[in-house]
Protein chains: 2
Amino acid sequence: MTDTPFNSWQSVQEEVLARIHSRQWKPGDLIPNEADLAQEFGCARATVNRALQNLADEGLLDRRRKAGTRVATHPVRKATMYIPVIRQEIADKGHEYGYELICSERVLPPTEVCNIMEFGRRARAQHIVCIHTADGRPYVIEDRWLNPKWVSVEEISIFNEISPNEWLVTHVPFTEGEIMFSAMSAGKTEAGLLSCKEGEALFVINRTTRNKQEAITSVRLIFAPGYRIETGI
Amino acid sequence: MTDTPFNSWQSVQEEVLARIHSRQWKPGDLIPNEADLAQEFGCARATVNRALQNLADEGLLDRRRKAGTRVATHPVRKATMYIPVIRQEIADKGHEYGYELICSERVLPPTEVCNIMEFGRRARAQHIVCIHTADGRPYVIEDRWLNPKWVSVEEISIFNEISPNEWLVTHVPFTEGEIMFSAMSAGKTEAGLLSCKEGEALFVINRTTRNKQEAITSVRLIFAPGYRIETGI
DNA sequence: CTGCTGCATATGTATATACATAATATTAGA
DNA sequence: TCTAATATTATGTATATACATATGCAGCAG
């Protein structure tokens, strides 16, 4: 029985969560409809709606009109990773940030990059390789292709001072993109830049950002050995 | 000028997004308050509120009472990864799923596991190693420690038939947990189980789930070479 | 038995209103 | 001038009401 009044959507959400966790409502179960819950909790339907909708967003409930609300059978583990600007990430860990431009050239991208960025075969693009360091030690290689349409030739010289990673965030807007996590073995190049042994396992993030379909940039971040990315669920 | 009526929170959100993307409202800018926007869009403040709140949830806006709403300076790239049950993941890719139990033993966990799970030093725990296959080829090693408090001795025999990964989802509730992505080199054991070469780079997911602080299980998923996890931003 | 139609129903959303809360800005007091 | 009390303001939320929309299901026609 509930003698406390559920007068906030958060408290309703907590109660619903408690019932799920206590298995009073088991995965797959149909739970009472909003109107009934509102009456039971002594609040408005809108309040219950807010709570249930939020839980549905988080993947704990499945809701369908007319069919009602049920506890998700496979509570999809949704992990939300926050991907900060690299300088920030290093600073947050309490290390001193460093940046070095390794290479900047305007060349024909490899077909792989052309495919991802949906480039014409003949168009040159800006290729930039740089490295971010933490307390002087290599932290991550940033290997990036830029659509020249979005970054003028004059602007490119800025990358002697500031990393594309950081500059782009505040200067070029994007509407959508893809991100991919994977692992690779250090080749000769990576081993050299990251001062690690060849063959070591490296964590890799590939990211392409677009503005209304059109690719702005595609980057591959190759982290030094031992890097890991963590979050709560 | 807006001659179309913004009579749904989605349309308001789109308009706001458009203004951000067009840089009419630049990162750091203070945008008009809800009441003014409501008037401009010809809708109720609640509708504007829903739209802005949603954008704030996605990290595109920063909102503070009294201070107002501004465009996020560092639009934190938030990547949401959906981590399905392995069987489902393999089935979704159109492969035939297979499962094999490699080892099941009740032993003292290594200190590393004890620390993560906050176990006593003397308590034995259930250790399970199994492998998931796609079309007969090794897909991922599941190396798991179970808190015996949450899984009875009788229940353990079920793991001859069904993977802990799958069984736990529907049988043991959890309230929170941590997840970590990293990379490792294949040792002799991993190479054997995944039939790959020693030293190959493998993608690794570590996950610990808890119920009200208390650890239920801690698992390490070691994927076959080439595995990657992707999502949109 | 099959397929279509329409009704009942649960969720989804818009609105006006009212008050709560946080945090800035202002003012009064020492 | 500095500090503390107070007013102002933008967002946050609860409420009742109304209507929109999807869809399961029953009933009907073929």
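What counts and how
- Residues numbered from 1 in each chain as written.
- Chains lettered and ligands numbered in written order.
- Predicted model: local features only at pLDDT ≥ 70, side-chain atom pairs only at ≥ 80, totals over all residues.
- Heavy atoms only, no water.
- Helix = DSSP H or I, 4+ residues; strand = E, 2+ residues; numbered from the N terminus.
- Rg over C-alpha atoms; globule rule 2.2 N^0.38 Å.
- Buried < 20%, exposed > 50% of the residue type's maximum accessible area, 1.4 Å probe, protein only.
- Phe/Tyr/Trp six-rings, centres within 6.5 Å; stacked < 30°, edge-to-face > 60°.
- Lys NZ or Arg CZ within 6 Å of the ring centre and 35° of its normal.
- Pairing = 2+ DSSP bridges.
- Near = heavy atom within 4 Å.
- Polar contact = N/O pair within 3.5 Å; in protein donor to acceptor, adjacent residues only side chain to side chain.
- Least-squares fit on C-alpha atoms with pLDDT ≥ 70 in both.
- Contact = heavy atoms within 4.5 Å.
- Axes fitted to C-alpha atoms, helices over the stretch in contact; angles between N-to-C directions.
- Parallel < 35°, antiparallel > 145°, perpendicular 65-115°, else oblique.
- Left-handed = near helix turned anticlockwise from the far one by under 90°.
- Nonpolar A, V, L, I, M, F, W, Y, C, P; charged D, E, K, R; others polar.

A. Seen up close, the overall build of chain A. On a plain count of helices and strands, chain A comes out with eight helices and eleven strands. Taking 17 Å as the expected radius of gyration for a compact globule of 233 residues, we find that chain A reaches 24 Å, considerably beyond that expectation. With respect to the principal axes defined by its C-alpha atoms, chain A has extents near 70 × 35 × 30 Å. Classification of the 233 residues of chain A by burial places 46% in the buried group.

B. A look at the packing of aromatic side chains. All told, the structure shown has 16 aromatic pairs over all chains when counted by the stated rule. Between Phe223 of chain A and Tyr227 of chain A, the aromatic rings sit 3.7 Å apart at their centres with planes inclined by 15°, giving stacked as the arrangement. Accessibility expressed as a relative area gives 11% for Tyr227 of chain A, which makes it buried. Among the aromatic residues, ring-to-ring pairing joins Tyr139, Phe181, Phe203, Phe223 and Tyr227 of chain A together with Tyr139, Phe181, Phe203, Phe223 and Tyr227 of chain B into one connected group. The positively charged end of Arg50 of chain A is found above the aromatic ring belonging to Trp9 of chain A, 4.3 Å away from the centroid.

C. View of the sheet that holds strand S1 (residues 30-31) of chain B. Residues and elements named next belong to chain B. Read from one edge to the other, the open sheet built from three strands follows the order S1-S3-S2, with strand pairing classed as antiparallel. Each edge of the open sheet is held by one strand with a lone partner, namely S1 and strand S2 (61-64). Alignment of S1 against strand S3 (residues 68-71), held across two bridges, turns out to be antiparallel. Paired with Leu30 across the bridge in S3 is Arg70.

D. Quick look at the protein's contact with DNA strand C. The immediate surroundings of DNA strand C are formed by 24 residues, with Arg45 and Arg63 of chain A together with Ser8, Trp9 and Thr47 of chain B found nearest. Counting only the atoms of DNA strand C within 4 Å of the protein, the fraction contributed by sugar and phosphate is 76%. A distance of 2.8 Å separates a phosphate oxygen of DNA strand C from a polar backbone atom of Trp9 of chain B. Arg64 of chain B has a polar side-chain atom sitting 2.8 Å from a phosphate oxygen of DNA strand C. Of all the secondary structure elements, the ones that give two or more residues to the surface near DNA strand C are helix H3 (45-57), strand S2 (61-64) and strand S3 (68-71) of chain A together with helix H1 (9-21) and helix H3 (45-57) of chain B.

E. Region of the structure containing the relation of the copies chain A and chain B. Turning chain A through 180° and shifting it by 0.1 Å along the axis lays it on chain B, with an RMSD of 0.2 Å. Look at the turn and shift together and you get a two-fold axis relating the two. A shared interface surface links the copies, since 98% of the contact residues of chain A are contact residues in chain B too.

F. Broad picture of the sheet that holds strand S8 (residues 176-185) of chain B. Taken together, the seven strands give an open sheet; going across it, the order is S11(A)-S8(B)-S9(B)-S10(B)-S7(B)-S6(B)-S5(B), and neighbouring strands pair in antiparallel fashion. Strands with a single pairing partner mark the edges of an open sheet, and in this sheet they are strand S11 (229-232) of chain A together with strand S5 (97-107) of chain B. If you compare each strand with its neighbour and ignore which way they point, the axes differ by 15° on average. Inspection of the sheet shows strand S6 (residues 125-134) of chain B paired to strand S7 (residues 137-146) of chain B by nine bridges, in the antiparallel sense. Across the sheet, residue His132 of chain B finds its bridge partner in S7 of chain B, namely Val140 of chain B.

G. Fine view of the side chain of Thr217 of chain A. Along the chain, Thr217 of chain A falls in strand S10 (residues 214-223). Note on Thr217 of chain A: relative accessible area 4%, which makes it buried.

H. Local environment of the packing of helix H1 (residues 9-21) of chain A against H3 of chain A. Residue and element names in this part refer to chain A. Contact geometry for H1 and H3: axes closest at 8 Å, N-to-C directions at 55°. Of the possible angle classes, the one that applies to H1 and H3 is oblique. Considering the relative orientation of H1 and H3, their crossing is right-handed. Taken together, the residues of H3 that come into contact with H1 (itself represented by Trp9, Val12, Gln13, Val16 and Leu17) are Thr47, Val48, Arg50, Ala51, Leu52, Asn54 and Leu55. A breakdown of the residues in the contact of H1 with H3 according to their chemical character gives eight nonpolar, three polar and one charged.

I. The protein's contact with DNA strand D, seen in detail. Around DNA strand D lies a shell of 24 residues, among which Ser8, Trp9, Thr47 and Arg64 of chain A together with Arg63 of chain B are the nearest. If you look at DNA strand D and keep only atoms within 4 Å of the protein, 74% of those are sugar or phosphate atoms. With respect to DNA strand D, the side chain of Gln10 of chain A contributes an N or O atom lying 3.1 Å from a phosphate oxygen. Element by element, the count of residues in the surface near DNA strand D is highest for H3 of chain A, at four residues. In the surface near DNA strand D, the residues fall into four nonpolar, nine polar and eleven charged.

So far we have only geometry, and geometry alone does not tell us how the molecule works.
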